[in-house]
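Observations on the model geometry
One letter stands for each residue in the lines below.
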Amino acid sequence: MSDYEFITLEGIEGVGKSTAIQVVKRVLEDNGRNVIITREPGGTAIGEKIRDILLSTQNDAMSPVSELFLLLAARAQHLAEVVSPALASGNCVVCDRFFDATFAYQGAGRGLDMSIIKSATDLISPFFVPTLTLLLDAPVEVGFKRIESRGKTDRFEEQNRDFFERIRESYLNRARLEPKRFCVIDASQSLGEVSDRIELVLKEKFGN
Ligand code: Z5A
C-alpha cells in the first residue's frame, strides 16, 4: 500500500454505502492501516449542522445554488478539519460521498452547470482527489426498496425517480471517464457478494 490512501464510496441512496464502508474499514485494518471513517455532508461539528439544514424537509424552498454552496462549505470545513490532517498523519481516510456526489446530484440531478461545479470544487479541494472510488451501483428501485422500511424520508429522498436515474447515469459516466480511480460494484447482489467483491478489489489494489 502507498502512504496516502483516500477512498470514497458513492452511489444513489440505499445502495449500501454505509454498510460497505464497514467492510472497507475491516479489510484495511486487517492490512495494518489506521482508518478514519467520515462522511459528506458532515464529518465535523459545523458540517453536521449544515447536513441537518440540507436534509431537512422543512427546507424545501432551498434553491439548487444555495444547496451547492452549503455542500461546499461543509466540504471545505471537512477537508481542513478532518481529511487533510488525517492524511498528513498517515491515516487512511474512507469517506461516504465526496465530490463525485456534487457532480451527480447538483449537476445531473439539479441541473446546475457542470463547469460551475468544477470551478467551485477546484477552489476548495484542488489537491484532494480520491485514490480509489467505489461506486456502488444498482437500479433505482433496488435502493428505494432498501430504504422504504425507514418510514421517514429526507429532502433528497423526496425527489422523483427521474432525479435518481439521472444521478445513477452521471455516476456511471464518471466511472467510464476515470476507470483507474473508479471501481464499479454491482450493489444489487447480496450483502455477502458485495462484501466479497469489495474485499477482492481492495486486496488487488493495495496488496495483502
Ligand atoms: N449529497 C449531495 O447532494 N451532494 C453532495 O456533494 C454530497 C451529498 C456529498 C445525504 O447523503 C445526501 O447528501 C444524499 C446526497 C446528498 N442524498 N440522499 N438521499 P447520505 O450518503 O447520508 O444519504 P444516503 O445516500 O441517502 O444514505 P443511505 O440512505 O443510508 O444509503 P446507503 O448508505 O447507500 O445504504 P445503507 O444504509 O448501507 O443500506 C440501506 C439498507 O439496505 C440497510 O438496511 C442495509 O442493511 C441494506 N443493504 C445494504 N446493502 C445490501 C445488500 N447488498 N443487500 C440487501 N440489503 C442491503
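As a reminder, the structure under discussion sits directly above these lines.
In short, a report on the structure. Remember, predicted model here, so these are calculated numbers, not experimental data.

A few points about the pattern of salt bridges
Tallied over the full model, the rule gives 18 salt bridges. Glu67 is the salt-bridge partner of Arg110, the closest N and O atoms lying 2.8 Å from each other. Taken together, the residues span a long stretch of sequence, with Arg110 in the loop between α4 (99-109) and α5 (114-124) and Glu67 in helix α3 (residues 64-88) at a distance of 43 residues. Across the salt bridge formed by Arg181 and Glu178, the nearest N and O atoms sit 2.9 Å from each other. For Arg181, a relative accessible area of 6% gives the class buried. A cluster of three or more residues bridged by salt bridges with shared partners is formed by Arg26, Asp30, Glu199 and Lys203.

Some points on the site of the ligand
The environment of the ligand is formed by 30 residues, the closest being Glu13, Ser18, Thr19, Arg51 and Arg97. A distance of 3.4 Å separates an oxygen atom of the ligand from a polar atom in the backbone of Val15. Note that an oxygen atom of the ligand is positioned 2.5 Å from one of the side-chain N or O atoms of Arg97. Considered on its own, the ligand offers 1100 Å² of accessible surface; in the complex 84% of this is hidden by protein.

Looking at the side chain of Asn91
When you line up the elements, Asn91 lands in the loop between α3 and β3 (92-96). At a separation of 2.6 Å, a polar atom in the side chain of Asn91 contacts the side chain of Asn34.

How each quantity is defined
Residues numbered from 1 in each chain as written. Predicted model: local features only at pLDDT ≥ 70, side-chain atom pairs only at ≥ 80, totals over all residues. Heavy atoms only, no water. Salt bridge = Lys/Arg side-chain N within 4 Å of Asp/Glu carboxyl O. Helix = DSSP H or I, 4+ residues; strand = E, 2+ residues; numbered from the N terminus. Buried < 20%, exposed > 50% of the residue type's maximum accessible area, 1.4 Å probe, protein only. Near = heavy atom within 4 Å. Polar contact = N/O pair within 3.5 Å; in protein donor to acceptor, adjacent residues only side chain to side chain. Areas by Shrake-Rupley, 256 points an atom, 1.4 Å probe, with all protein chains shown as cover.

Remember, this is a structural readout, not a statement about activity or role.
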